[in-house]
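Observations on chain architecture
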Amino acid sequence: MYKSKKKIIFTFLFPSLLGLVVFKVGAMLYSLYISFTEWNLFGAPEFVGLKNYITIFRDPRFYESLKNTLLFIAGYLPVVLVLSMGIALLLNSKVKRVNIFRGLFFLPVITSWVAVSMIWKGLLNPEFGIINSIIEFFGGTGPAWLQNPAFVLPSVIMVSVWKDVGFLSIIFLGGLQGISSEYYEAAQIDSASKWQQFRKITLLLLSPTTFYALIITIINSFQVFDQIWIMTAGEPTADLVPVMVTEIYKNSFQYQKMGYATALSWILFAIIIGVTIFQNVMQKKWVHYE
C-alpha cells in the first residue's frame with residue numbers, strides 16, 4: 001500500500017521534475033560548460049579552460065561594473081527598506097480609507113519596468129522634463145540626469161525606490177499585522193513610550209520580515225538591468241555606467257562572446273550565493289523569532 005502511494009505521487013510529480021531537471025538544472029550545468037569555452041552562438045563551442053575567467057579578472061571593465069552594482073545597492077537598499085517600513089507603519093495605523101493608500105503605493109509594482117523607465121526618462125529630461133521644471137520654479141537649476149555619469153546611478157536608484165517601495169511595504173505590513181497587540185498593551189501598562197515600543201517590540205519582532213526583505217532586495221539589486229538599460233538607451237552615458245548584468249547582456253548578444261558572458265554570469269551567481277550565505281550566518285545575531 002505504501003509503495004503504491006509512492007508510485008502515484010511520483011507519477012504526478014514526474015512531469016514537473018523532468019522539466020526542472022531539463023530546463024533548470026540541465027541548463028545551468030550546460031552554461032557552466034559554456035563558461036569554459038569560446039562560442040559566438042553559431043559555430044561549435046571551443047573549450048579554452050579558465051581563459052574567460054582569467055580575462056574577466058584582468059579586465060578593468062569588470063571591476064567598474066562590479067563597483068557600479070555595489071554603489072547601486074549601497075544607495076538603494078537602505079532607502080527602500082526604511083521607506084517601506086515607514087509606509088507599512090502608516091498603512092497599519094487606523095486611518096480613514098487606508099485601502100486606497102495601499103492601492104496607490106502598490107500601483108507602481110504592477111507596472112512593467114519598460115513603461116516605468118520610459119515615463120521617468122521623460123520626466124528626467126533636462127529640457128522639457130517635469131522634474132527640472134519644478135526645480136527651476138523654485139529658483140534652482142536641474143542637472144542633466146541621464147546625460148551626466150555622476151547623476152545616472154542616483155536617478156536609477158530614485159526610480160527603483162519609487163517602483164519597489166510598495167512591494168516591500170506589503171511585506172512589512174504583513175509582518176506588522178502578525179505582531180500580537182498584547183505586547184503593546186503590556187508595554188503601555190509599563191509606561192513605555194512610543195519610541196521604546198517601536199525599538200523593543202516592533203523592530204525586534206519584525207526582524208524575521210526585515211531579514212527576508214533584505215535577502216530578496218539584495219539578490220534583485222545585484223541583477224539590476226531593465227531600468228538602467230532603458231533609461232540610458234540613446235544617452236551618452238549608455239556605455240559609461242556599466243553594471244554586472246548590462247555587461248553580461250552586451251558580451252552575449254552584442255559582441256557574441258557567449259563563453260565570456262556566461263563566465264560573468266557564474267561570477268555574479270557566486271557573489272550572490274556568497275552574500276546570501278553570509279547574511280544567513282549573520283542573521284543569528286540580530287534576527288529574533290517568537
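Residues numbered from 1 in each chain as written. Predicted model: local features only at pLDDT ≥ 70, side-chain atom pairs only at ≥ 80, totals over all residues. Heavy atoms only, no water.

Within the protein chain one finds 13 helices and two strands. Against the 2.2 N^0.38 benchmark of 19 Å for 290 residues, the protein chain shows a C-alpha radius of gyration of 24 Å, more extended than a compact globule. Projected onto its principal axes, the C-alpha coordinates of the protein chain cover approximately 80 × 75 × 35 Å. The buried share of the protein chain, taken over its 290 residues, is 38%. Taking contacts inside the protein chain between residues at least 6 apart in sequence as the whole, the part at least 24 apart equals 69%. (Helix = DSSP H or I, 4+ residues; strand = E, 2+ residues; numbered from the N terminus. Rg over C-alpha atoms; globule rule 2.2 N^0.38 Å. Buried < 20%, exposed > 50% of the residue type's maximum accessible area, 1.4 Å probe, protein only. Contact = heavy atoms within 4.5 Å.)

Okay, empty space enclosed by the protein next. In total, this model carries one cavity of 30 Å³ or more according to the counting rule given. Lining the largest cavity are Ile-228, Trp-229, Thr-232, Ala-238, Val-241, Pro-242, Thr-246 and Lys-250. Listing elements by their share of the lining of the largest cavity, those giving two or more residues are helix H11 (226–231) and helix H12 (244–254). (1 Å grid on protein atoms, 1.4 Å probe; cavity = no way out; pocket = protein on both sides within 12 Å on 5 of 7 lines; lining within 4 Å. Points joined across faces, edges and corners; volume = space filled by probe spheres on them.)

In total, this model carries five salt bridges according to the counting rule given. When the shortest N-O distance is used, the salt bridge between Glu-64 and Lys-67 registers 3.6 Å. Taken together, the residues Glu-64 and Lys-67, both in helix H3 (residues 60–92) and three residues apart, mark about one turn of the helix. Note on Lys-67: relative accessible area 42%, which makes it partly exposed. Close ionic contact of Asp-239 with Lys-250 constitutes a salt bridge, the shortest N to O distance being 2.6 Å. Of this pair, Asp-239 sits in the loop between H11 and H12 while Lys-250 sits in helix H12, and the two are 11 residues apart along the sequence. Given the relative accessible area of 40%, Asp-239 is considered partly exposed. Among the charged side chains, a network of salt bridges with common partners joins Arg-61, Asp-239, Glu-247 and Lys-250. (Salt bridge = Lys/Arg side-chain N within 4 Å of Asp/Glu carboxyl O.)

Along the chain, Ser-265 falls in helix H13 (residues 258–282). Look at Ser-265 and you get partly exposed, because its relative accessible area is 28%. Distance from Ser-265 to Thr-209, taken between C-alpha atoms, is 29 Å for residues 56 residues apart in sequence.

What is shown is where atoms sit, not what they do.
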